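Structural overview for review
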Amino acid sequence: MSALTDRKRNSGNHLSIVIVAAITLVFTALALFNMGTFHIPISCWQPAAGGDGRTEMIVQLQNCTSDGCDVSAIYVFLCDANATKFEVFCGSRSSHMGDTNTGDTSNISHRWRKVLTYDNSNDVRFCNWVRLALNRKTDMLKFVFEPTYGKIGEILIISAEGHRIPVRIGSIKSTDTADKSADNTANSMKSIGDKSISDPGNIFDEQDEIELPITQKNGAYFDEMYFVRTAWEYLHLEEPYETTHPPLGKLIIALGIILFGMNPFGWRVIGVIAAAAMIPVMFLFARRLFGSNTAGYFAAYLLAFDFMHFSLARLATGEIYLFFFSLLTFFFFHEYLRKRQQNKAARMSLFISIVCCGLWFAVKWTAFYGFLTIIILFLLLARKEHVRSDFNVILAGVFASAAIYIATYIPYMLSGHPLFDMSRLPLYMQYVSEYLRGGTVNITTPSPLTVFDLQIGMFLYHASLNATHPFSSPWWSWPLILKPLWMFVNTEGNTVSTVVLMGNPVIWWSAIPAIAATSVAAFVRHEKITSSGVPSGAADPHNEATAAAPAAHSKILKQLFIIIPFFSLWLPYALIPRILFIYHFAPATTFLILAVTYWLELLWEDKDSKALSRSIVIAYLIFVAAVFVMFYPVISGMPVSPEYRDSLKWLPQWYF
């Protein structure tokens, strides 16, 4: 009998592995499809770097009709974050002489019409395509570049049909009088490629390697321009640009660049791997929380088809790693509760949970809410006789996390920054006094900034941020998906490519009643237990040795493990005055999904109307996947018709 039971258990385990692996593989395939190219322009040109003159480049458009080519736009790839300035002039056959077929432009007239001016001095750009609308007929363009340190990787001239127009450089004239022997690139970043940045031909030498239309897969977009730039700087031990968050997210992005190169695939792929790894973790979490493989399947499935999880996986910022570490934090804390009878194993799970929370903190400080949640759950659910000894484990995890946090600053320290400067202690005390009096501080810390100085700057940046953003959203609107975050758009020809960050409406909207029902059920069950006189410590649902304990305690502890983390990861944002975005809701999404899973599993196991209940669950899961497929173009950047894109704008503030 025992052997038969073991065979059934092994068979069930094998089936679970197959199902979860299938869900994970489907997600991974969808996430990797059109995620990012392996190639971006790497041969860059730096026009008249640091000089006092300008560079004029005349470009002839090929294969035009007698009245010129119908040009819709000019795409410019900016290799680095330095300022780039130029003007664009249109010419026509009436404005120049010479033979455009042979390249003889010696008799070009000076009757040009300025049509564009570009200056990104006040705009952050890095490995990013800029689209400049033209919508004119011409067979010749003149670019006039100001002397800057910015490097240009490639320029594409696009027709009204969305095709690349072949070009040929007609002439180049520079009025730069700077001393070429001087090191004019001292303040510029390292070039991505190895070719000389003095060759203007670099901006037209990789035309055939760029796939059209230009979408998010071709370069950095949204906050990637901060995170990818900083990852590149860490790799080269340069001064990091983005210091408003700890380094770990950027260091993980740098790992992808090391493994797969400086390209969109390289800087995003680790995020997809982390997001894919979350699916089996979610399965194990739900299976152990609810004691059911079915619940595990539901939770893994819902996570795989949630829009936010998908879009963050393909975005090279810190959010997907924050999401990943937050899930691990609560998974291992639940393991601690489940193993409470096995002191050594339980404490190891608790230690790992705190370390994962420390990794979360090393990505963004919002992990502080997660740590408070762990402490609340610990005080409520840990065995009373173990609280004192197990709290020592929490302290050990905090010290280990602190060591990890400091270690993430090693590249910063290697670039010439100390950890701490004791001589600045009076200055730090002055900061504290000034902040307590007025709520803000004017930082005048001497250079170089220490790691400790960065922590002060980080706190004051977020505490005093008074910025605005058209797609910020209030905390209370996130579960309702009233205002998604529009991260990318590009229209070319008859198609539009767009990327929006939001939740799957089927999951998130159904989670609102699920969370409410779970909260009410927990309150009602608590009242029943209290009135029955059964002591709360009589049950331990996380250990098989207590399987005979009252089922009421088991259910209420499951419910508490859903609603307490959900609200404690969400509601603190009500106290934050700075602008907020829907991605701040990501860690709470885990418990939003678990709330839906809780009720799906109850329906699935309903014995009174089994056929009807299971039909409802299956229909719901199909609906979840169908809406994911429907919205896939606008959460992935896949080019579609504007009409299809507009058909998905279900609410007034769904701009994408």
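This write-up is about the structure you can find in this document. Since we're looking at a predicted model, the values are computed, not measured.

1. Description of the packing of helix α4 (residues 264-290) against helix α7 (residues 319-338)
- Packing of α4 against α7 leaves a shortest axis separation of 9 Å and a crossing angle of 25°. Considered as vectors, α4 and α7 are oriented roughly parallel to each other. Handedness of the α4/α7 crossing: left-handed. Where α4 abuts α7, its residues I270, G271, A274, A275, A277, M278, V281, M282, L284, F285, R288 and L289 lie against I320, Y321, F323, F324, L327, L328, F330, F331, H334, E335 and R338.
- Looking at the contact of α4 with α7 residue by residue, the classes come out as 18 nonpolar, two polar and three charged.

2. Some details on helix α13 (residues 451-464)
- Here α13 spans 20 Å end to end across 14 residues, near enough to the 20 Å set by a 1.5 Å rise per residue.
- Among the residues of α13, V451, D453, L454, Q455, I456, M458 and L460 are the ones counted as buried.

3. Remarks on the packing of α7 against helix α9 (residues 367-381)
- Two numbers describe how α7 lies on α9: the axes approach to 11 Å, and their chain directions differ by 15°. As summarised for this structure, α7 and α9 are arranged roughly parallel, according to the angle between their axes. Our pair here, α7 against α9, has a crossing hand that is right-handed. Of the residues in α9, those touching α7 at T329, F330, F333, Y336 and L337 are G370, T373, I374, L377, F378 and L381.
- Residue composition of the contact of α7 with α9, grouped by class: eight nonpolar, three polar and no charged.

4. Brief notes about unusual backbone geometry
- The peptide bond linking L212 to P213 adopts the cis configuration, its omega dihedral lying at 0°.
- Here P213 shows up in the loop between β8 (167-174) and α2 (224-235).
- Positive phi is not limited to glycine here, since N63 has a value of about 60°.
- Mapped onto the elements of the fold, N63 is located in the loop between β1 (55-61) and β2 (69-78).
- Phi is positive for I481, which is not a glycine, with a value near 55°.
- Looking at the secondary structure, you find I481 in the loop between α13 and β9 (485-492).

Reading the values: rules and limits
- Residues numbered from 1 in each chain as written.
- Predicted model: local features only at pLDDT ≥ 70, side-chain atom pairs only at ≥ 80, totals over all residues.
- Heavy atoms only, no water.
- Axes fitted to C-alpha atoms, helices over the stretch in contact; angles between N-to-C directions.
- Helix = DSSP H or I, 4+ residues; strand = E, 2+ residues; numbered from the N terminus.
- Parallel < 35°, antiparallel > 145°, perpendicular 65-115°, else oblique.
- Left-handed = near helix turned anticlockwise from the far one by under 90°.
- Contact = heavy atoms within 4.5 Å.
- Nonpolar A, V, L, I, M, F, W, Y, C, P; charged D, E, K, R; others polar.
- Expected span 1.5 Å × (residues − 1).
- Buried < 20%, exposed > 50% of the residue type's maximum accessible area, 1.4 Å probe, protein only.

It is worth stressing that arrangement in space is one thing and function is another; only the former is reported here.
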